[in-house]
Protein chains: 2
Amino acid sequence: MEEEGRKKITVIGSGNWGSAISLIIGNNTNNYKDIFESQVRMWVHEELIDGRKLTEIINTKHENIKYLPGKKLPDNVIAIADLLAACHDADILVFVIPHQFVENVCKQLKGQLKKNVLAVSLIKGFLIERTDGTVKLITEKIQEILGISTAVLMGANLASEVANNQFCEATLGCKQFKNQWPMLKKLFESDTFRINLTEDANTVELCGVLKNVVACAAGFADGLGYGYNTKAAIIRLGFIEIILFVELFYRGSDIRTFFESCGIADLIATCNGGRNRKICEAFIKTNKTVRELEIELLNGQRVEGPPTAEAICVILKKRNMLMRFPLFAAVDEIFRQKLPPQLLATRLRECKGFLPNYWINTNIQ
Amino acid sequence: MEEEGRKKITVIGSGNWGSAISLIIGNNTNNYKDIFESQVRMWVHEELIDGRKLTEIINTKHENIKYLPGKKLPDNVIAIADLLAACHDADILVFVIPHQFVENVCKQLKGQLKKNVLAVSLIKGFLIERTDGTVKLITEKIQEILGISTAVLMGANLASEVANNQFCEATLGCKQFKNQWPMLKKLFESDTFRINLTEDANTVELCGVLKNVVACAAGFADGLGYGYNTKAAIIRLGFIEIILFVELFYRGSDIRTFFESCGIADLIATCNGGRNRKICEAFIKTNKTVRELEIELLNGQRVEGPPTAEAICVILKKRNMLMRFPLFAAVDEIFRQKLPPQLLATRLRECKGFLPNYWINTNIQ
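Residues numbered from 1 in each chain as written. Chains lettered and ligands numbered in written order. Predicted model: local features only at pLDDT ≥ 70, side-chain atom pairs only at ≥ 80, totals over all residues. Heavy atoms only, no water.

- Identification of chain A as Glycerol-3-phosphate dehydrogenase [NAD(+)] from Thelazia callipaeda is taken from an unreviewed UniProt entry.
- UniProt's Catalytic activity (unreviewed entry) comment on chain A is quoted here verbatim: "sn-glycerol 3-phosphate + NAD(+) = dihydroxyacetone phosphate + NADH + H(+)".
- For the record of chain A, the UniProt heading Sequence similarities (unreviewed entry) holds the text "Belongs to the NAD-dependent glycerol-3-phosphate dehydrogenase family." (UniProt positions renumbered as here; feature names shortened; annotations may be inferred.)

1. Some details on the overall build of chain A
Next, step 1: A tally of helices and strands in chain A yields 15 helices and 12 strands.
Next, step 2: Taken over C-alpha atoms, the radius of gyration comes to 20 Å for chain A, in line with the 21 Å a tight globule of 365 residues would show.
Next, step 3: Dimensions of chain A along its principal axes, counting C-alpha atoms only, are 55 × 55 × 40 Å.
Next, step 4: Classification of the 365 residues of chain A by burial places 64% in the buried group. (Helix = DSSP H or I, 4+ residues; strand = E, 2+ residues; numbered from the N terminus. Rg over C-alpha atoms; globule rule 2.2 N^0.38 Å. Buried < 20%, exposed > 50% of the residue type's maximum accessible area, 1.4 Å probe, protein only.)

2. Observations concerning the UniProt feature "active site" (unreviewed entry) in chain A
Residue and element names in this part refer to chain A.
Next, step 1: UniProt tags Lys211 as "active site" (unreviewed entry).
Next, step 2: Here lysine 211 shows up in helix H8 (residues 201-223).
Next, step 3: Owing to a relative accessible area of 6%, lysine 211 belongs among the buried residues under this scheme.

3. Some remarks on the relation of the copies chain A and chain B
Next, step 1: When chain A is fitted to chain B, the residual RMSD is 0.0 Å, and the transformation amounts to a turn of 180° plus an axial shift of 0.0 Å. On this basis, the relationship between the two copies can be described by a two-fold rotation axis.
Next, step 2: Looking at the interface residues of chain A, 100% of them are also at the interface in chain B, so both copies use one shared face. (Least-squares fit on C-alpha atoms with pLDDT ≥ 70 in both. Contact = heavy atoms within 4.5 Å.)

4. Observations concerning the domain arrangement of chain A
Residue and element names in this part refer to chain A.
Next, step 1: Per the domain assignment, the segments making up chain A are domain 1 (7-199) and domain 2 (203-361).
Next, step 2: Using only C-alpha atoms to locate each centre, domain 1 and domain 2 end up separated by 26 Å.
Next, step 3: The interface of domain 1 with domain 2 comprises 26 residues on the first partner and 29 residues on the second.
Next, step 4: The contact between domain 1 and domain 2 buries some 2300 Å² in all, and 63% of this surface belongs to carbon and sulfur atoms.
Next, step 5: Counting the contacts that link domain 1 with domain 2 gives 1 salt bridge.
Next, step 6: Between lysine 124 and aspartate 266 there is a salt bridge, and its shortest N-O distance comes to 3.1 Å.
Next, step 7: In this structure, the connection of domain 1 to domain 2 is made through 10 residue pairs in polar contact (both at pLDDT 80 or more). (Domains from an automatic or database assignment. Buried area = accessible area lost by both parts, 1.4 Å probe. Salt bridge = Lys/Arg side-chain N within 4 Å of Asp/Glu carboxyl O. Polar contact = N/O pair within 3.5 Å; in protein donor to acceptor, adjacent residues only side chain to side chain.)

5. Some points on the sheet that holds strand E2 (residues 36-43) of chain A
Hydrogen bonds between backbone groups are what pair the strands of a sheet, and the pairing can be parallel or antiparallel.
Residues and elements named next belong to chain A.
Next, step 1: Spatial strand order, E5-E2-E1-E6-E7-E10-E11-E12: 8 strands in an open sheet with mixed pairing. Single-partner strands in this sheet number two, and they are strand E5 (77-80) and strand E12 (193-198). The mean inter-strand angle of the sheet, taken between neighbouring strand axes irrespective of direction, is 25°.
Next, step 2: Looking at chain direction, strand E10 (residues 150-154) and strand E11 (residues 168-173) are connected through 3 bridges and run antiparallel. Among the inter-strand pairings, methionine 154 is bridged to a residue of E11, identified as threonine 171.
Next, step 3: Strands strand E6 (92-95), strand E7 (118-121) and E10 of the sheet are contacted by helix H5 (residues 138-146), whose axis makes an angle of about 155° with E10. (Pairing = 2+ DSSP bridges. Axes fitted to C-alpha atoms, helices over the stretch in contact; angles between N-to-C directions.)

6. Remarks on helix H13 (residues 305-318) of chain B
Next, step 1: Between its first and last C-alpha atoms H13 of chain B spans 20 Å; for 14 residues at 1.5 Å apiece the expected length is 20 Å, and the two agree.
Next, step 2: Along H13 of chain B, the residues that are buried comprise Gly305, Pro306, Thr308, Ala309, Ala311, Ile312, Cys313, Ile315 and Leu316 of chain B. (Expected span 1.5 Å × (residues − 1).)

7. Section: the packing of helix H9 (residues 228-249) of chain A against helix H10 (residues 261-273) of chain A
All names here are of chain A.
Next, step 1: Running from amino to carboxyl end, H9 crosses H10 at an angle of 135°, the nearest separation of the two axes being 11 Å. The orientation of H9 with respect to H10, classified from their angle, is oblique. Crossing geometry of H9 relative to H10 is assigned as right-handed. Listed contacts from H10 to Lys231, Ile235, Phe239 and Ile242 of H9 are Gly263, Ile264, Leu267, Ile268, Cys271 and Asn272. (Parallel < 35°, antiparallel > 145°, perpendicular 65-115°, else oblique. Left-handed = near helix turned anticlockwise from the far one by under 90°.)

8. Here's the deal with the packing of helix H11 (residues 275-285) of chain A against helix H12 (residues 290-298) of chain A
Describing two packed helices takes the angle between their axes plus the distance from one axis to the other.
All names here are of chain A.
Next, step 1: Contact geometry for H11 and H12: axes closest at 10 Å, N-to-C directions at 120°. In terms of their interaxial angle, H11 and H12 are classed as oblique. Here the hand of the crossing between H11 and H12 comes out right-handed. Across the interface between the two elements, Arg275, Lys278, Ile279, Ala282 and Phe283 of H11 pack against Val290, Leu293, Glu294, Leu297 and Leu298 of H12.

If you want it as structure tokens, here you go:
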């Protein structure tokens, strides 16, 4: 990333979360004109709404009427349908698209970007299995194709509440460029959106991926009519499986990262108010498939929990470690109708439920 | 505690939680007759219900119709109104009374108990300030008066859900008698009530005390109309203040204890479904006092959050450390009308929000 000159920012994506973060970023580039180019470009996957282009609506009404209705975007946020035009001279690319589109978008951008561009991924996407049985993160995919450094921003950030200026927090994981941290904080932080930074980017990203699986279990519990105790137990047991999974695949995590917004807070918010929870509650109460419920309850938007559960269980099975993750396994088996949901509590009883001795033995000094 | 002979159990208290735990204990003493005397005595603070004694109702109907209506207690649970008769030859005393009554009950029992009796406190009570500015736990109070060892049982255990056999967990903190741990587990555990044990009893107890303060903040947030993000941030920031507070007053905590049911799970359940949350939501939405709301919403039962917040803030102020606990301070100030609730989010912004370097620096090995 160029040290000199004002940074040009492009947000790749314009869904619910992409629009909400563009709102914050647009205000910040206006407030820090010495650091950032005021104009923020937002790449929009073009679509027609009542015969009008979404880009045109955003650029005239300054509102994403489809994905963040009722919220004014700052005038300096400009919607652009041409990916290359939106990105070619950006200094910072903020990725906030469904994970399925990452590969295709990156391939289009390959060789077309400025040198030293920095990416920040907000994609709480899922793991791509490597042939050797290890996992690949979205950021690793971006880096692999584009060869650019990629930070992540994760946290308890349901988009509509962020857009309504309700106080919340997020964690920015950025392995390198510590000298750029103050700039990144200025780009994302607001009075009601507080950012902590850490170098432990892999943990930040994995927390964002794995919490969706735990949220499915929470949704099942809601569907089965369990109350606050059971749900709290699920969040706790799931939290421990998340920590053990991260340790297995990305050794060297900082325990403090799990206490950040990306860790425990995002897990709690997702288990209480996320769409995985919602779909899974309905999955128990109806006889419908996940896909049917996505269409019925989420306008067809996909939930990440079911494919994530499947992917990590394939990986864990290959490594002969599935039995160490009874909660993750139960979620996958319930979706595949291998486990009657009523037996969820039986599985919870099989969860270890504590951090093993080898993990951490250190008392407070 | 005697190594030989079957253990006699007395539950001191017969409220909602006391009745629910008597139900579990009564089943367990029936199932492990080689270890326990089958009969479980439950001390009842006598009262008349429609002209009939509560003890009489419990002993004939086998139901605590006032505090746990609709749930059958095992026949071997016997209600007794005479405290000394109930306790004098017990091997294990399970304390589950409001914390205000602890001192009085203990004074009556002083000198009247068997040698080597073990106490287990289920009281999520509050701290009693020592003159030197340190805190005193309920278990310390019991030990001080009775000179007996006292373990604690805490966790995400809303009583009615436990009584309905919804899966949940609890943490038993017991500093000594590791050889007695298997017996204690048999006394409390059931298929749907899972027990983990730890020597780190002070942390277990303090988590149970301090979570009520965080739950007040969560209730304020609900009253102010905030959503899932803000509440998750409050739980996270409160969790960190709990950890820092424990470190300040009881150094040597095991970090793993905070991951147990007594830690993060109880905090989550209480912030979502507890009565402190409920009262505090109403405190914001109405113009009523806490006492008025207790009468209106809880049949006059007291909530622990407000006095706990006050007590810990007095202590922290004396030590000149209040500024390190902005969330605890905000809760206390909102009750005392020193801080307009609308400024809660401003205070949250002042929370440190991370575990300091000196606290733990250890990566996963």
